There are 2 protein chains.
Amino acid sequence: MSIIVEKYRNIGKALKEDASSDKVTDLIRDLHHECIGLLSNYEKVPLISKVPEKKYFSFKVGDKLTRPINMDLFNEEITNIDPLMNILKKRGKASPKELTKICYSIAMSFCCSIDILKTRDQKTPGTFFEYFISHIFSKMLGVNPRKELEVLNLDMHTKLPTDFIFDLGTNLPKFHLPIKTSTRERVIQVWAHQRVLDGVYGTGRFIGILVSLAETKLDHKKLEVIEICLPEQWRLYQLFIAQMKRIYYLDIPKKYKDLNKLFPPIHVKPFGDFFYEFEKLYDIF
Amino acid sequence: MSIIVEKYRNIGKALKEDASSDKVTDLIRDLHHECIGLLSNYEKVPLISKVPEKKYFSFKVGDKLTRPINMDLFNEEITNIDPLMNILKKRGKASPKELTKICYSIAMSFCCSIDILKTRDQKTPGTFFEYFISHIFSKMLGVNPRKELEVLNLDMHTKLPTDFIFDLGTNLPKFHLPIKTSTRERVIQVWAHQRVLDGVYGTGRFIGILVSLAETKLDHKKLEVIEICLPEQWRLYQLFIAQMKRIYYLDIPKKYKDLNKLFPPIHVKPFGDFFYEFEKLYDIF
C-alpha cells in the first residue's frame, strides 16, 4: 500500500476519534507534503481550456493524465498552506482568496495523486474531500459532525442517514453539509435531502450548505477542458424543492457565480468566503 | 461488435422513429432469441440466497459470474415470451404473473449477455431496460414518450430534462416514468423529479410511476445474494418530498411489497399488474 493511501486512512481514523482535533490538521498537512512530493516527479501538460478566463494543466503519467488543474488556483509551494493550518488553530490571518487557493491545492494534490496511483478510483478522492471539508467545518464551528438523525414522527421511529450534520445545540442552528468533488445530474439529491430535513424537523432549522470542488471535464483525446453546469435546473430545484443557503466552490464556475445576480438569487461563492461569513449564516433572512 | 450489441442499437434507432411501432416489438423478440442462444453456452451456478423464499443462480463465464437471476421468474424457453408480444399487438391473453415472468426473462437475458460480453458495463443494460419498458408503455398508452418539458413560469423560459413523459393530451393524465435496473440510494432522485413536476405544473398533473428490475446484490467471493432495501427512507420521501402513484418491480423485494400494508401505503406491485390496471391509474384518489 502506498504511503499516501496509508496516510489518507489515518486521517479517517483520527476524524472518527475527534473531527476537530489539531491532530487531523497536522495529518492533512503531512499528507499534502507527500502528495506534492509525488507530483513533482511528473511532467505537466498544458490543456486546451474551453472555459473562459481559466487555464488548466494535467500531470502526465505514461499515457494517462490526471484530472485538470486550474493554474491560477494551484500552488506547489509546500509552506504556502500554512496560513490555513494557522487559522484552523485559531492564529494568524489570510484573505478569503488565499484560503480558497490553499484548500484547492490541498484537495487537488491528493485527487491527482490518486489519479496517478490508482485506476478509475473516484471514491477515494471523494472521501478525502469529505474528510478535509468536514474537518474545516468542525474546527470553525467548534462541533463534531453526525451522519444520521433520529426521526420521531407520530408512530414513525426510524434513523435517517444524512450528509454531514453540525448541530450547534438547542435553539441554535444545525448545518446540513453535503460535500461533493463535482455535482452534475446527481445534484438534485442535495435539494431533496434538504427538503426531507425541512419536512421532518420544520423549515429553517437546518441551514443547507453544499461544498463542491469543481465542475471540469477533460476530453482525454482532444485534451480539452470544459465545465458542465446546469444553472437553469438549479433554479428550479431552489424554487420547487428546497432552499440551500450557500453553495461554495473551490474552483467556482462562472455560470453558477452568475446565479447570485438573478432574483431570487442562489448564493454561490468561493469557499474562502466561508471562513469570514459563517457566523452571519446563522441569521435566516 | 457482437450481434447482440448491434441488435440492441437497432432497437434504439427504431424507438426514435416510432416508440410504439410493431417493428420495435419484433426487434426486442429477435434480440431476446440471440441472448438466450448466447446464454445456453454457459454453465449455471447456484447461489446462496440470503433472500427468504427466493432462489438465485448465475451464468459462469471463466472466473466471472453474471448478475444473479431469480430461478422462479426466469424462463429460457424462447416461445414462452409470445404472450407478451401478442398483448403488445392487441391480441391474446396472459395473466399478470405470466407477464411479469416474461418481462423479467427478456430483461435479464439481455443484462446477463452484456455481463458476459463486456466488463463493468452498467450503462448498456440500463439503457436496454429503458428501451424495453418505455416501449411497453408506448404500446399500452398509445402515445410516444418525451424526455424534456418546456417550463414557462413568469420570466423563466427553460427546458427541463426529465425521465420519460407520456402525455395523453389536454386535460388528460401525463405519466412521469423513471426506469431503473436498481434504485439504492439514488432513488431519492425519483421523488425529487416528481416534486419539481408538481411544483412547476401543479400537483396531480403528472402521475409518477417508477419501474425497477430488482434490488439484488451478489457477493462474488461468498456467492451470496442479498437484497438492498431502504423502506423507511422511501416512507420519508413519500411523506415529505412527493407522491409516487405506483412502483413496479420485475423481481419485487418483500420489504417493499410490505409497504402496501402500512398507512399511508406506498403501492409497490409486480410489473405484470400494470397491463390490467393502467386505465385505473388515471383516477387520482
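Scope of this entry: the structure provided in the associated data block. Computed from a predicted model, the values in this text were never measured in an experiment. (Residues numbered from 1 in each chain as written. Chains lettered and ligands numbered in written order. Predicted model: local features only at pLDDT ≥ 70, side-chain atom pairs only at ≥ 80, totals over all residues. Heavy atoms only, no water.)

1. Topic: the sheet that holds strand S12 (residues 224-227) of chain B
Residue and element names in this part refer to chain B. For clarity, the threshold we go by: DSSP-based pairing: two strands are paired if at least 2 bridges between them are found. A run of H or I in DSSP counts as a helix once it spans at least four residues, and a run of E counts as a strand once it spans at least two, with each numbered from the N terminus.
One open sheet holds the three strands; their spatial order is S2-S12-S11, and the pairing between them is mixed. With one partner strand each, in any of the chains shown, strand S2 (48-49) and strand S11 (216-219) form the two edges of the open sheet. Judged from the four bridges that link them, S11 and S12 form a sheet pairing that is antiparallel. Note that in S12 the partner of leucine 218 across the bridge is valine 225.

2. Details of unusual backbone geometry
Residue and element names in this part refer to chain A. The omega torsion across phenylalanine 263 and proline 264 is -10°, close enough to zero to call that bond cis. Mapped onto the elements, proline 264 comes out in the loop between helix H8 (254-257) and strand S14 (268-270). For arginine 184, which is not a glycine, the phi torsion comes out positive at approximately 50°.

3. Brief notes about the pairing of strand S11 (residues 216-219) of chain A
Quick note on the threshold: Each residue gets one of three labels from its accessible area relative to the maximum for its type: buried under 20%, exposed over 50%, partly exposed in between, using a 1.4 Å probe on protein chains only.
Burial of S11 of chain A is one-sided: the residues Thr216 and Leu218 of chain A facing one way are buried, the residues Lys217 and Asp219 of chain A facing the other way are not. What sits between the antiparallel neighbours S11 of chain A and strand S12 (residues 224-227) of chain A is a turn of four residues, in which leucine 223 of chain A has the positive phi angle 60°.

4. Quick look at the sheet that holds S11 of chain A
One open sheet accounts for three strands, arranged S2-S12-S11 (chain A); its pairing is mixed. Pairing within the sheet leaves two strands with one partner each, and these edge strands are strand S2 (48-49) and S11 of chain A.

5. A few points about the environment of serine 20 of chain A
Residue and element names in this part refer to chain A. The test is simple: We call two residues in contact when some of their heavy atoms are within 4.5 Å.
Checked against the element boundaries, serine 20 lands in the loop between helix H1 (3-17) and helix H2 (22-39). On the accessibility criterion, serine 20 (23% relative accessible area) is partly exposed. Distance from serine 20 to proline 46, taken between C-alpha atoms, is 38 Å for residues 26 residues apart in sequence. For serine 20, the contacting residues outside a window of four places in its chain are His135, Ser138, Lys139 and Asn144.

6. Let's talk about the relation of the copies chain A and chain B
What counts is decided by this rule: Least squares is used to superpose the copies, and the fit set is the C-alpha atoms of residues whose pLDDT is at least 70 in both copies.
The transformation that overlays chain A on chain B combines an axial shift of 0.0 Å with a rotation of 180°, and the residual RMSD is 0.0 Å. Expressed as a symmetry operation, the mapping of one chain copy onto the other fits a two-fold axis. Most of the interface of chain A is mirrored in chain B: 100% of its interface residues are interface residues there too.

7. A look at the interface of chain A and chain B
To keep things clear, this is the line we draw: Buried area: the accessible area, evaluated with a 1.4 Å probe, that two parts lose upon being put together, summed over both parts. A carboxyl oxygen of Asp or Glu within 4 Å of a side-chain nitrogen of Lys or Arg is what we treat as a salt bridge. Here a polar contact is recorded for every N or O atom pair within 3.5 Å, except that within protein the pair must consist of a potential hydrogen donor and a potential acceptor, and residues adjacent in sequence are included only if both atoms are side-chain atoms. Residue polarity is assigned by list, with Asp, Glu, Lys and Arg as charged and Ala, Val, Leu, Ile, Met, Phe, Trp, Tyr, Cys and Pro as nonpolar; anything else, Gly included, falls into the polar class.
Taken residue by residue, the interface counts 24 residues in chain A and 24 residues in chain B. With both chains or domains summed, chain A and chain B bury close to 2200 Å², and 72% of this area falls on carbon and sulfur atoms. The largest contributions to the chain A side of the interface with chain B come from Met156, Leu236 and Phe240 of chain A, which together make up 27% of the buried area. Linking chain A with chain B are zero salt bridges. Taken together, chain A and chain B are joined by two residue pairs in polar contact (both at pLDDT 80 or more). Those elements that place two or more of their residues in the side of chain A that touches chain B are strand S6 (146-153), strand S7 (156-167), helix H6 (188-201) and helix H7 (231-240) of chain A. Top element by residues in the side of chain A that touches chain B is H6 of chain A. It accounts for eight residues. Classifying every residue of the side of chain A that touches chain B gives 13 nonpolar, six polar and five charged.

8. Considering the packing of aromatic side chains
Formally: Only rings of Phe, Tyr and Trp enter the pairing, Trp through its six-membered ring, and a pair is recorded when the two centres are within 6.5 Å. The plane angle decides the type: under 30 degrees is stacked, over 60 is edge-to-face, the rest tilted. Ring-over charges, as used throughout, are those where CZ of Arg or NZ of Lys falls within 6 Å of the ring centre and within 35 degrees of the ring normal.
Tallied over the entire structure, the rule returns 42 aromatic pairs over all chains. Through successive ring pairs, a cluster of aromatic residues spans Phe137, Phe166, Tyr248, Phe271, Phe274, Phe275 and Phe278 of chain A. Here the basic side chain of lysine 147 of chain A rests over the ring of phenylalanine 164 of chain A, its NZ or CZ set 4.5 Å away from the ring centre. When the ring centre of phenylalanine 57 of chain B is taken as origin, the NZ or CZ atom of lysine 44 of chain B, which lies over that ring, is 5.2 Å away.

9. Some thoughts on H2 of chain A
Residue and element names in this part refer to chain A. The condition that has to hold: To estimate how far a helix should extend, the number of its residues minus one is multiplied by 1.5 Å. The directions considered for the arc run from the helix axis to the C-beta atoms.
In a regular helix each residue adds 1.5 Å, so 18 residues correspond to 26 Å; H2 covers 26 Å between its end C-alpha atoms and thus fits that length. Among the residues of H2, Val24, Thr25, Ile28, Leu31, His32, Cys35, Ile36, Leu38 and Leu39 are the ones counted as buried. One face of H2 carries all of its buried residues, which in axial projection span an arc of 155°.

10. Here we look at the environment of aspartate 18 of chain A
All names here are of chain A. On the secondary structure map, aspartate 18 appears in the loop between H1 and H2. Between the alpha carbons of aspartate 18 and proline 145 there is a distance of 9.7 Å; along the sequence they are 127 residues apart. Setting aside residues up to four positions removed in sequence, aspartate 18 forms contacts with Val24 and Asn144.

11. Topic: the side chain of glutamine 238 of chain A
Residue and element names in this part refer to chain A. Note that glutamine 238 resides in helix H7. Residue glutamine 238 is classed as buried on the basis of its relative accessible area, which comes to 7%. In this structure the side chain of glutamine 238 is engaged in a polar contact, spanning 3.0 Å, whose partner is the backbone nitrogen of methionine 244. Each residue touching glutamine 238, except ones within four places of it in the same chain, is listed here: Trp191, Gln243, Met244, Pro265 and Ile266.

12. Some points on the pattern of salt bridges
Going through the model one piece at a time under the given rule, you end up with 44 salt bridges over all chains. Arginine 67 of chain A is the partner of aspartate 115 of chain A in a salt bridge, and the nearest nitrogen-oxygen pair spans 2.8 Å. Here aspartate 115 of chain A is found in helix H4 (residues 96-117), whereas its partner arginine 67 of chain A is found in the loop between strand S4 (64-65) and strand S5 (69-70), with 48 residues between them in sequence. Taking relative accessible area as the criterion, arginine 67 of chain A reaches 18% and is therefore assigned buried. Where aspartate 167 of chain B meets lysine 174 of chain B, a salt bridge forms, and the shortest distance between an N and an O atom there is 2.9 Å. What you see here is one network of salt bridges that share partners, running through Lys7, Asp30 and Glu34 of chain A.

13. Quick look at the pairing of strand S3 (residues 56-61) of chain B
Residue and element names in this part refer to chain B. With respect to burial, S3 is a largely interior element, five of its six residues being buried. Relative to strand S5 (residues 69-70), S3 runs antiparallel, the two sharing two bridges. Within S5, the residue paired with phenylalanine 57 across the bridge is isoleucine 69. Sheet topology places S3 next to strand S4 (residues 64-65); two bridges connect them, and they run antiparallel. Each bridged residue has a counterpart across the sheet, and for valine 61 the counterpart in S4 is lysine 64. Where S3 hands over to S4, the hairpin turn is made up of two residues, of which glycine 62 adopts a positive phi near 65°.

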